[in-house]
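If you want the building blocks of each chain, they are given just below.
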Amino acid sequence: MSDSIIKVYGAFRMSVKMLLMLNSHIQVDGGGNADVATSVLEVRNLVVLKDYSVISSNANLALFGQGLLKLTGQGDAIKGQRLSLSQFYNITVGPGSLLQAPLDDDESRSLVTESLCESPTCPVDLVTPPDDCHVNYTLSFSMQVCRVEDILVNGVIKGSIVHIHRSRTVIVDTGGMITASELGCRTGIGMGNYSNGAGAGAGHGGRGGSGFFKGNLSEGGQRYGSADLPCELGSGTEDPYQSDGYVVGGGIIVIGSRQWPLYRLDNYGFISADGQSRGVQTLNSNDTLIGGLGGGSGGTILLFLQSLALAENSSLSVLGGYGGSLGGGGGGGGRIHFHWSKIAGGEEYVPLAFVDGAINFSGGAGSGDGIHGEKGTITGKKCPKGLYGTFCTECRVGTYKDEEGSDVDLCKDCSFERLPTRARFVYVRGGVTQSTCPYKCISEKYRMPKCYTPFEELIYTFGGPWPFTFLLLCIVMLLAVALSTLRIKLMGSGCSYETKNSMEHQDDQRFPYLLSLSEVRGGKSEDTQTHVHRMYFMGPNTFREPWHLPYSPPAAIFEIVYEDAFNRFIDEINSVAAYEWWEGSVHSILLLLAYPCAWSWKQWRRRKKIHRLQEFVKSEYDHSCLRSCRSRALYKGMKVGATPDLMVSYIDFFLGGDEKRIDIVISIQKRFPMPIIFGGDGSYMSPYNLHNDTLLVNLVGQHVPATVWNRLVAGLNAQLRTVRHGSIRTALLPVINWLTTHGNSQLEFHDVKLELGWFQATSSGYYQLGILVVAGGCTLHDLHHSEYLDICDTSSRTSSSVAENSANLDEDNQSHTSHVFSRKKITRGFNGGIINEDTLKSLGYKRDFLFPLSLLLLNTRPVGRQDTVQFFITVMLLADLFVTILMLFLFYWISLGAFLAVLLILPLSLLSPFPAGLNALFTNGPKRASLARVYALWNASSISNILVAFICGMIHYVIISVHSLEKANIWHSKEDEKWWFLPTILVLLKAVQARFVDWNIANLEVKDLSVFSPDPDTFWAYESVS
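Keep in mind that what you see is a predicted model, and the values were worked out from it rather than measured.

Draft legend 1. Structural context of unusual backbone geometry. Here the bond from Ala-101 into Pro-102 is cis, since omega is 5°, no more than 30 degrees from zero. Within the secondary structure, Pro-102 is located in the loop between strand S11 (98-101) and helix H1 (106-117). Note that the residue after Met-448, namely Pro-449, is joined by a cis bond; omega there is 5°. Assignment of secondary structure puts Pro-449 in the loop between strand S41 (439-441) and helix H3 (454-461).

Listed below in structure tokens is the structure:
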């Protein structure tokens, strides 16, 4: 049809294959006769209306088809008193098109709604409609869309009672609308009252708002219907005298049914069943304004469906109408109900609705003093366990629901008593249905079910911290007993280590260092008779400042050497004593990586250097500087020796026996005053000590018996071992007092006196301590008149002045300056000075930047009970190992980077104390004390690894604290704050272990406790023992 009009009076029935209408009309006029049959238009394939094409009937109208029904655009419409569209596979309502039933006049609307307005029951055919999709007057709907697969609404579907039945999908596009607004009842069960100008709003899902005008109050309409399955029309209000018109409530929109729910409803537009608002003013008979009518109540939207999508800017609304001017009350809100057909639970759960649009069910606003209408209701089908609310969403994380219902209060909080401190409740698909809410640890690093770290899991496997500690302590004690028993069985008791064969081994009991090269050769009596002078190397024997000899021969040997040849010898031997650059480089690298290895490397290179010096003097150098032909020929005029700690080396000069001048022989026999330089440098690894070799004993034995001298050396070494260079000013005072009370008081009987002094000062500020042995009745005050004053040459004076400055002798103490320089002459060419209580305060020393380590590395006095001390060292050693392993286990859990940092900064330091300790405990012989000192070095070096552990732990703590603040649902576990516990225990173990090691070293080095006796008589009572 094109530009055509078909008019039918009565009813008609038409069946065609295809109906295409272009600007055409089909008009059916039933004449207002209720007996007129329903007009039926049956189209098998396609129905298209275009360009203002309209099919209308003032009676019942039905369209049947098997294809597409499309209203193309603006002005296209299908209207009827009752309208049924069925059996199409698709209905498209284009923009500006209209599907409407009933017609716009009040009579048509009243004819459809009259039977339902006063009925309190829900029409059965709206909830369970018949399957035949036929139109008759007994059905409740005004418009029915039945057995249509897909419905696309871009225009308007309008009706008092709209029912979409047995459809698959309904899409209300942007600009589209399905509406039953203002198409409900004029009166109804919730009709609003009107009295003396006060009009109240109608009620439905919510009570209507009361009207108020000039002191008159009119109650709002009542609530009615069921919120669980609503299907009522909204009520209206009217003037009892019908002089002021009326207000209509909202209609009913039902989509789907119980048997045939809609698969999906996508709403991008509007679906509404709002009540009517009173927009005009109300006049009295004399044309004066009076209170207006109240607003109509919202209708019903009943949806039987499986899924819903409300897009942004879309809406579902059953709003109450606004009250009329001058006190009209607002209409109550309507009812919306979602009857979900299939609510899957558990793992099969899928969200039923995606709501980004608006769902409005509030009451209308009152005018003036009129009251706002109450809000309506929005409900859904009862949700199964785990789901709640209108849309049956999952209960929030941390709650559970173990009964059916939609109330949010049914989602109960999970019990925190069963939740570990490092866990959080987790999302469960379909919600949690039991009181035992599932949870997971806040990090995958924690282990279920208690969310322990691997370290804590290990602890709680054995019952918790205290049982685990007790078990670990028992294991440590058992292993310590086993190791101690094995040590005693293999090596004997600590008290049984005695050597009795030689004086040298007796000295080693006190200081079991490496034997000096001179001791290895032994000392012959003829060497003592021919010995002229001992010339000490200067410097600390380090890679930066190796040993070196001063130029110009000392006065004591001036007559037995050629000065020029001697100076050439000095050049050669100084070059031999110097270290290669790579030796210092290796030491620097080891110093950064592992200090004990650096110390061992330095000692090894020092030992090699001693052997090299000895070999050079013994076989390579031709002794051309000696005047004696016999000495040059036999290579016996000079010998190189060193103290066992490799800190002091010297060259002994001997007569060859063919000297011609008798006065030389006589003068060299007067060897006193004789300086003796201490070994060591006042450090933990090399304490000060007086090395007592055979030659020295024989030389001093000319005045002092060997037993007295050996006892004196033992007592002096016992005092010197506790002197630290960093605190030398205070530490030397007891040594000076001891020499006065114990040493010189006994030596006076042999006409010998000892003075403490400093010698061999270098330009770098390094100097060596020693004693000056004065014998033969010579005193310090008359020596400057003797022949020894002439042996101090210009070079020694120059070096003495440098030494004075480098040693920081106080320039303000002018009263002692001349006395000090006179004592430099007394030392027979050695630059230095006497140390007493007056000069001690001006004695220079280097600041110790590692002073805190002195709390761990400290030379102490012996305490005895060697086996007990070694047993406790074994206990500490095993405890240190176990705690170290546990700490590494803990930091490996924190992160691999933290584990590697703790283990490798410094490398080897953390795990080396255990093998070093075992090596020291299970080694027999004179090296036990030196190995114990290496063990102590490893123990102190491992503090660096513990400091790294504290740094890594702090970083970890800060990270997890920030992370817990960012995620409020994850609280910070207090157990994570205990990471410091193991490093702290390890520091305490290191400190206790270090003190036991210091006592053990003291016990090994000093067997005779009587050397510490404060009473001189008691001290000298054990003279024969030494």
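Draft legend 2. Looking closely at the sheet that holds strand S47 (residues 768-775). In space, the 4 strands of this open sheet follow the order S45-S47-S46-S48, with antiparallel pairing throughout. Looking at strand neighbours, the two that pair on one side only are strand S45 (674-677) and strand S48 (832-834), the edges of this open sheet. Strand after strand, the sheet turns through a mean of 35° between neighbouring axes, direction not considered. Here 8 bridges tie strand S46 (residues 752-759) to S47, and the two strands are oriented antiparallel to one another. Across the sheet, Leu-754 pairs through a bridge with Val-773, a residue of S47. With respect to the sheet, helix H14 (residues 706-720) is in contact with S45, S46 and S47, its orientation differing from that of S47 by roughly 150°. Of the strands in this sheet, S46 and S47 are in contact with helix H15 (residues 728-747), which crosses S46 at around 160°.

Draft legend 3. Highlighting the nonpolar core. Among the nonpolar cores identified, the biggest contains 65 residues, and Met-887, Phe-891 and Val-902 are the most heavily contacted of them. In terms of residue count, the dominant contributor to this core is helix H18 (residues 866-894) (16 residues). Residues in contact with Phe-891, not counting those within four places in the same chain, are Ala-898, Phe-899, Val-902, Ala-949, Cys-952, Gly-953 and Pro-983. Formed by 61 residues, the second largest nonpolar core is a distinct cluster that contains Ile-164, Val-172, Ile-253 and Ile-359.

Draft legend 4. View of the side chain of Asn-574. By secondary structure assignment, the location of Asn-574 is in helix H8 (residues 563-577). Non-local contacts of Asn-574, meaning those with residues more than four positions away in its chain, are made with His-548, Leu-549 and Tyr-551.

Draft legend 5. Representation of the state of the cysteines in the model. This structure, assessed with the given rule, holds 6 disulfides. Disulfide partner of Cys-117: Cys-185, at an S-S distance of 1.9 Å. Looking down the S-S bond of the Cys-117 and Cys-185 bridge, the torsion is -100°, so its handedness is left-handed. With Cys-117 in helix H1 and Cys-185 in the loop between strand S17 (177-179) and strand S18 (194-195), the pair connects residues that are 68 residues apart, well separated along the chain. For the residue pair Cys-117 and Cys-185, the accessibility class agrees, reading buried in each case. Between the sulfur of Cys-383 and that of Cys-392 lies a disulfide, 2.1 Å long from S to S. Its S-S torsion of approximately -95° makes the covalent link between Cys-383 and Cys-392 left-handed. Across this residue pair, the class does not change: Cys-383 and Cys-392 are buried.

Draft legend 6. How the structure looks around a nonpolar patch on the surface. A cluster of nonpolar residues, Leu-458, Phe-462, Leu-471, Ile-475, Leu-479 and Phe-889, forms a patch on the protein surface that exposes about 440 Å² of accessible area. Of the residues forming the nonpolar patch, the biggest block, 3 residues, is contributed by helix H4 (residues 465-491). As for its position among the elements, Leu-458 is in helix H3. Taking relative accessible area as the criterion, Leu-458 reaches 30% and is therefore assigned partly exposed.

Draft legend 7. Molecular detail of the packing of aromatic side chains. Applying the stated rule across the entire model yields 25 aromatic pairs. Ring geometry for Phe-1019 against Trp-1020: centres 5.0 Å apart, planes inclined by 85°, an arrangement best described as edge-to-face. Against the face of Tyr-246 rests Arg-186, its NZ or CZ located 3.7 Å from the ring centre. Lying across the ring of Tyr-684, Arg-933 places its NZ or CZ 5.2 Å from the centre.

Draft legend 8. Here's a closer look at the sheet that holds strand S44 (residues 649-654). Ordered by their spatial adjacency, 3 strands build an open sheet running S42-S44-S43, and the pairing between neighbours is antiparallel. Two strands bound the open sheet, and with one partner strand each, they are strand S42 (531-536) and strand S43 (638-642). Averaged over all pairs of adjacent strands, the angle between strand axes in this sheet comes to 25°, irrespective of strand direction. Across 5 bridges, S43 lies against S44 in antiparallel orientation. The residue bridging Ala-642 from the neighbouring strand is Ser-649, located in S44. Running over the sheet, H8 touches S42, S43 and S44 and is turned about 150° from S44. Across the face of the sheet, helix H10 (residues 595-620) comes into contact with S43 and S44 while running at roughly 170° to S43.

Draft legend 9. H1, seen in detail. Taking 1.5 Å per residue as the helical rise, H1 with its 12 residues ought to reach 16 Å, whereas the 14 Å between its terminal C-alpha atoms falls clearly short. Elements in contact with the buried residues of H1: strand S9 (82-86), strand S15 (161-165) and strand S23 (246-247).

Draft legend 10. View of the packing of H18 against helix H20 (residues 913-921). The contact between H18 and H20 brings their axes to 10 Å, and the two run at 160°. With respect to H20, the element H18 is oriented roughly antiparallel. The chirality of how H18 crosses H20 is left-handed. Where H18 approaches H20, its residues Gln-870, Ile-873, Thr-874, Leu-877, Leu-878 and Leu-881 are matched on the opposing element by Pro-913, Phe-914, Gly-917, Leu-918 and Leu-921. Within the contact of H18 with H20, the residues separate by chemical class into 8 nonpolar, 3 polar and no charged.

Each value, and the rule that gives it
- Residues numbered from 1 in each chain as written.
- Predicted model: local features only at pLDDT ≥ 70, side-chain atom pairs only at ≥ 80, totals over all residues.
- Heavy atoms only, no water.
- Helix = DSSP H or I, 4+ residues; strand = E, 2+ residues; numbered from the N terminus.
- Pairing = 2+ DSSP bridges.
- Axes fitted to C-alpha atoms, helices over the stretch in contact; angles between N-to-C directions.
- Contact = heavy atoms within 4.5 Å.
- Core = buried A, V, L, I, M, F, W, Y, C linked by side-chain atoms within 4.5 Å.
- Buried < 20%, exposed > 50% of the residue type's maximum accessible area, 1.4 Å probe, protein only.
- Disulfide = S-S within 2.5 Å.
- Patch = residues over 30% accessible without salt bridge, like charges linked within 9 Å, V, L, I, M, F, W, Y side chains within 5 Å.
- Areas by Shrake-Rupley, 256 points an atom, 1.4 Å probe, with all protein chains shown as cover.
- Salt bridge = Lys/Arg side-chain N within 4 Å of Asp/Glu carboxyl O.
- Phe/Tyr/Trp six-rings, centres within 6.5 Å; stacked < 30°, edge-to-face > 60°.
- Lys NZ or Arg CZ within 6 Å of the ring centre and 35° of its normal.
- Expected span 1.5 Å × (residues − 1).
- Parallel < 35°, antiparallel > 145°, perpendicular 65-115°, else oblique.
- Left-handed = near helix turned anticlockwise from the far one by under 90°.
- Nonpolar A, V, L, I, M, F, W, Y, C, P; charged D, E, K, R; others polar.

Distances and angles like these do not, on their own, reveal function.
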